[in-house]
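Notes for the structure review
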Amino acid sequence: MLDKKVTELINVQINKEFYSAYLYLNFANFYKSKGLDGFSNWYMVQAQEEKDHAMLYLKYLQNNNEEVILDVVEKPAISMEKLIDPLKAGLAHEEYVTDLINTIYDAAQNVKDFRTMQFLDWFIKEQGEEETNSHELITKMELFGTDPKGLYMLDNELKGRVYTPPSLII
Ligand code: FEO
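Note that the coordinates shown come from a computational prediction; the quantities given were computed from them, not determined experimentally.

Let's talk about the packing of aromatic side chains
Taken as a whole and assessed by the stated rule, the structure comprises 12 aromatic pairs. Ring centres of Trp42 and Tyr43 lie 5.1 Å apart, and the angle between their planes is 80°; on these two criteria the pair is classed as edge-to-face. Assessed through its relative accessible area of 3%, Tyr43 is described here as buried. Grouping aromatic residues by their ring pairs yields a cluster made of Tyr24, Phe27, Phe30, Tyr31, Phe39, Trp42 and Tyr43. Directly above the aromatic system of Trp42 lies the positively charged group of Arg161, at a separation of 4.3 Å from the ring centroid.

Section: the nonpolar core
The biggest cluster of nonpolar side chains holds 23 residues, and the ones touching the most others in it are Phe27, Tyr31, Phe39, Tyr43, Leu87 and Met141. At the level of elements, helix H1 (4-33), helix H2 (37-63), helix H3 (85-110), helix H4 (114-144) and helix H5 (148-158) are the ones that each hand at least two residues to this core. Looking at this core element by element, the count peaks at 7 residues for H1. Those residues within four positions of Phe27 in sequence are excluded, and the remaining contacts are Tyr43, Ile78, Met80, Pro86, Ala89 and Gly90. Formed by 21 residues, the second largest nonpolar core is a distinct cluster that contains Leu2, Ile101, Phe123 and Leu168.

As for the pattern of salt bridges
Counted under the stated rule, the structure contains 6 salt bridges. Glu8 is paired through a salt bridge with Lys5; the nearest N and O atoms lie 3.9 Å apart. With Glu8 and Lys5 both in helix H1 and 3 residues apart, the pair spans about one turn of that helix. The class of Glu8 is partly exposed, set by a relative accessible area of 41%. Because the salt bridges share partners, they merge into one network encompassing Lys4, Lys5 and Glu8.

Conventions adopted
- Residues numbered from 1 in each chain as written.
- Predicted model: local features only at pLDDT ≥ 70, side-chain atom pairs only at ≥ 80, totals over all residues.
- Heavy atoms only, no water.
- Phe/Tyr/Trp six-rings, centres within 6.5 Å; stacked < 30°, edge-to-face > 60°.
- Buried < 20%, exposed > 50% of the residue type's maximum accessible area, 1.4 Å probe, protein only.
- Lys NZ or Arg CZ within 6 Å of the ring centre and 35° of its normal.
- Core = buried A, V, L, I, M, F, W, Y, C linked by side-chain atoms within 4.5 Å.
- Helix = DSSP H or I, 4+ residues; strand = E, 2+ residues; numbered from the N terminus.
- Contact = heavy atoms within 4.5 Å.
- Salt bridge = Lys/Arg side-chain N within 4 Å of Asp/Glu carboxyl O.

In structure tokens, the structure reads:
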């Protein structure tokens, strides 16, 4: 059995990760509609990763005999006008997700739940990588995205991102 608060927060996290997948699918659709298949691909892959994150939290609750409570997934509500808008919103969203995970970690630490703390270590590292990737994308877009040739090359680069399943197995 896990602590009630920890279980509650992980259930919220499942919903937030599914929302992240929705959000990134929305970004992928936006870029597809602009003819930027590489940016679209990048976010399609990101959406798959977010679904994986949700499933890992879900599995963790199952494995610990805790009830999984699935909630309504909100409609993505981010206005996208400029090409850089999703990139900036993506970074802000990842920072928000990092805060959520830190809050779960804090709750686990308060009740000496070392198992959950160890489980969350992978996500804490993953968040670091996701924030770095988001920063890099914004920097590249600011440097090259305003020039059509630069944008074309950047889009081609992002076509190369391929999905790999998570390294965490539970
Ligand atoms: Fe699942 Fe992008 O955090």
